[in-house]
Amino acid sequence: KALVYERLIRAKQYPAAALQRRARGIAIVNFILDSAGQVAGVSLIRSSGDADLDREALTMVRRAAPYPKPPSGAIRLFSPLIEFGSADQAPGARP
């Protein structure tokens with residue numbers, strides 16, 4: 001689980017238009033990995049309140065693929081909270 005979330009963090013990008021608007025929010029996505037670590041499906045289960053941030057939350061899941069191949073019997077369904085906020089907007093900040 002930690003390896004999957006680390007990949008997500010590295011794939012996160014703050015959309016330029018949202019950054020200019022100083023948009024902030026927390027999106028929750030659901031995604032499932034297949035046995036090879038590819039994204040089998042992704043959906044938004046709670047909006048951040050901003051369409052650009054929601055789109056990035058969904059896109060970053062796909063951008064981070066492929067994920068490590070899950071061991072047999074491992075959980076392959078994830079529901080991370082993806083926060084876009086002031087730390088992301090600070091000069092030099094890395095998501």
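My aim in this report is to walk through the structure given alongside it, one point at a time.

Calculation notes
- Along each chain, the written sequence defines residue order, and numbers are assigned to residues from 1.
- At least 70 in pLDDT is required for a residue's local features to be given in this predicted model, at least 80 for side-chain atom pairs to be given and counted, and no such filter applies to totals for whole chains, interfaces and linings, which use all residues.
- The side-chain quantities take in all heavy atoms of the structure and omit both hydrogens and water.
- The helix and strand labels rest on DSSP assignments: H or I over at least four residues marks a helix, E over at least two residues marks a strand, and numbering proceeds from the N terminus.
- We call a residue buried when its accessible area falls under 20% of the maximum for its residue type, exposed when it is over 50%, and partly exposed in between, using a 1.4 Å probe and counting protein chains only.
- Contact definition: two residues touch when any of their heavy atoms are within 4.5 Å.
- Values of accessible area rely on a 1.4 Å probe in the Shrake-Rupley scheme; residue burial ignores everything except the protein chains shown.
- Given a helix with a known number of residues, its expected span is that number minus one, times 1.5 Å.
- Any pair of nitrogen or oxygen atoms within 3.5 Å is treated as a polar contact; in protein, a donor-acceptor pairing is required on top of that, and neighbouring residues in sequence qualify only through side-chain atoms on both sides.
- By construction, the arc corresponds to the directions joining the helix axis to the C-beta atoms.
- Any two of the Phe, Tyr and Trp rings considered here, Trp counted by its six-membered ring, make a pair once their centres fall within 6.5 Å; the pair's planes then place it as stacked at under 30 degrees, edge-to-face at over 60, or tilted in between.

**Regarding the overall build of the protein chain**
Step number 1: When you go through the protein chain residue by residue, the secondary structure sums to four helices and four strands.
Step number 2: Secondary structure elements in the protein chain, listed N-terminal to C-terminal, are α-α-β-β-α-β-β-α.
Step number 3: When the 95 residues of the protein chain are sorted by exposure, 36% land in the buried category.
Step number 4: By sequence separation, contacts in the protein chain at least 24 residues apart represent 71% of the contacts at least 6 residues apart.
Step number 5: Surface exposure of the protein chain reaches about 5,700 Å², of which carbon and sulfur atoms provide 54%.

**Things to note about helix α3 (residues 51-63)**
Step number 1: Over its 13 residues, α3 extends 18 Å from the first C-alpha to the last, a length consistent with the 18 Å expected when each residue adds 1.5 Å.
Step number 2: Along α3, the positions that sit buried rather than exposed are D52, L53, D54, E56, A57, M60 and V61.
Step number 3: In the core, the buried residues of α3 are packed alongside α1 (2-11), α2 (16-21), β1 (25-33), β2 (39-46) and β4 (81-84).
Step number 4: Of the residues flanking the start of α3, the one acting as N-cap is D50, its side-chain oxygen 3.0 Å from the backbone nitrogen of D52.

**Thoughts on α1**
Step number 1: Residues of α1 that are buried include every one of V4, L8 and A11, and no others. Projected onto a plane normal to the axis of α1, the buried residues spread over an arc of 70° and lie on a single side. Away from the buried face of α1 by more than 90 degrees, exposed residues A2, L3 and R10 are located.
Step number 2: Where the residues of α1 are buried, they touch β1, α3 and β3 (77-78).

**Points about the packing of aromatic side chains**
Step number 1: Counting across every chain of the model gives four aromatic pairs.
Step number 2: Aromatic side chains Y5 and F78 sit 6.1 Å apart centroid to centroid with 65° between the ring planes, which places their arrangement in the edge-to-face category. Of the two residues, Y5 sits in helix α1 while F78 sits in strand β3, which places them 73 residues apart along the sequence.
Step number 3: According to the relative accessible area criterion, Y5 is partly exposed, its value standing at 25%.
Step number 4: A relative accessible area of 5% places F78 in the buried class.
Step number 5: For the ring pair Y14 and F84, a centre distance of 5.5 Å and an interplane angle of 85° mean the geometry is edge-to-face. Here Y14 is found in the loop between α1 and α2, whereas its partner F84 is found in strand β4, with 70 residues between them in sequence. The same class applies to Y14 as to F84, namely buried.

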